[in-house]
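# Descriptive structure summary
The residues making up each chain are set out below.
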Amino acid sequence: AERSILQAVAPEIAALSEAAVLVELGSGSSEKTRVLLDVLRDAGTLRAYVPVDVSESALMLAGDALSLEYPGLAVHAVLSDFEEQLGLPSGADAEDGPRLVAFLGSTIGNMVPAERAAFLRRVRSRLRPGDSFLLGTDLVKDPAVLVAAYDDAAGVTAAFNKNVLAVLNAELGADFDL
């Protein structure tokens, strides 16, 4: 759903932002981002992409793929926790031109209201005149849908969570009862 919405409005986003730099907070694989990269490139404004993520391997894989897919695009990956440090380049590290800072997905819905407010204030404090902010959110979901997604009958989520606890036990000396 988010991809189809993004495809429908991306040309308008590109025209309104005139972004020379696309900064994506929590970029992951940068899959949906390609929609924005395509329209900004086609508009002739795009010069750089700054994926920000906590996963070094995701940044490396996405950066390598994007460098091949978008020859001439400067890709400046930033290893950072966007909730704490944002990873937004500033000062001498910043590319010239307006930036479009994108926070796609529905991650903001995982934050409690005070966290959301603090996060949005931090983002706003790092935006410069002429920059734009694109926020992806999700619809309010029926609690039964969420429980089904996170408490699946096959036990995949439970197995994942137990594995996290087992790693904590083994690596950090925790004593969780699996």
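The structure we're discussing is the one just above.
Throughout what follows, the structure given in this document is the object of discussion. (Residues numbered from 1 in each chain as written. Predicted model: local features only at pLDDT ≥ 70, side-chain atom pairs only at ≥ 80, totals over all residues. Heavy atoms only, no water.)

Bringing the pairing of strand β1 (residues 21–25) into the picture now. For β1, the buried fraction is high: five of the five residues fall into the buried class. As judged from the five bridges shared by β1 and strand β2 (residues 48–53), these two strands associate in the parallel manner. Within β2, the residue paired with L25 across the bridge is V52. Sheet topology places β1 next to strand β5 (residues 99–103); four bridges connect them, and they run parallel. (Buried < 20%, exposed > 50% of the residue type's maximum accessible area, 1.4 Å probe, protein only. Helix = DSSP H or I, 4+ residues; strand = E, 2+ residues; numbered from the N terminus. Pairing = 2+ DSSP bridges.)

All right, on to the pattern of salt bridges then. Taken as a whole, this structure holds six salt bridges when the rule is applied. With its nearest N and O atoms 2.9 Å apart, the salt bridge here joins D131 to R99. Of this pair, D131 sits in the loop between α4 (113–126) and β6 (132–135) while R99 sits in strand β5, placing them 32 residues apart in sequence. Overlapping salt bridges, with partners in common, bring together E31, R34 and E69 in one network. (Salt bridge = Lys/Arg side-chain N within 4 Å of Asp/Glu carboxyl O.)

The terminal C-alpha atoms of helix α3 (residues 56–69) lie 20 Å apart, and with 14 residues this matches the ideal 20 Å at 1.5 Å per residue to within 8%. Those residues of α3 not exposed but buried are A58, L59, A62, G63 and L66. All buried residues of α3 project into a common sector of 120 degrees when viewed along the axis, lining one side. Facing away from the buried side of α3 by over 90 degrees, the exposed positions are M60, L61, D64 and L68. Contact partners of the buried residues in α3: α2 (33–43), β2, β3 (74–75) and β4 (78–79). (Expected span 1.5 Å × (residues − 1). Arc of directions from axis to C-beta. Contact = heavy atoms within 4.5 Å.)

Time to look at the packing of helix α1 (residues 2–17) against α2. In contact at an axis separation of 9 Å, α1 and α2 are set at 35 degrees when each is read in the N-to-C sense. As α1 packs across α2, the resulting crossing turns out to be right-handed. For the pair formed by α1 and α2, the contact residues are R3, L6, Q7, A10, P11, I13, A14 and S17 on the first element and V35, L36, V39 and L40 on the second. Taken together, the residues of the contact of α1 with α2 break down into nine nonpolar, two polar and one charged. (Axes fitted to C-alpha atoms, helices over the stretch in contact; angles between N-to-C directions. Left-handed = near helix turned anticlockwise from the far one by under 90°. Nonpolar A, V, L, I, M, F, W, Y, C, P; charged D, E, K, R; others polar.)

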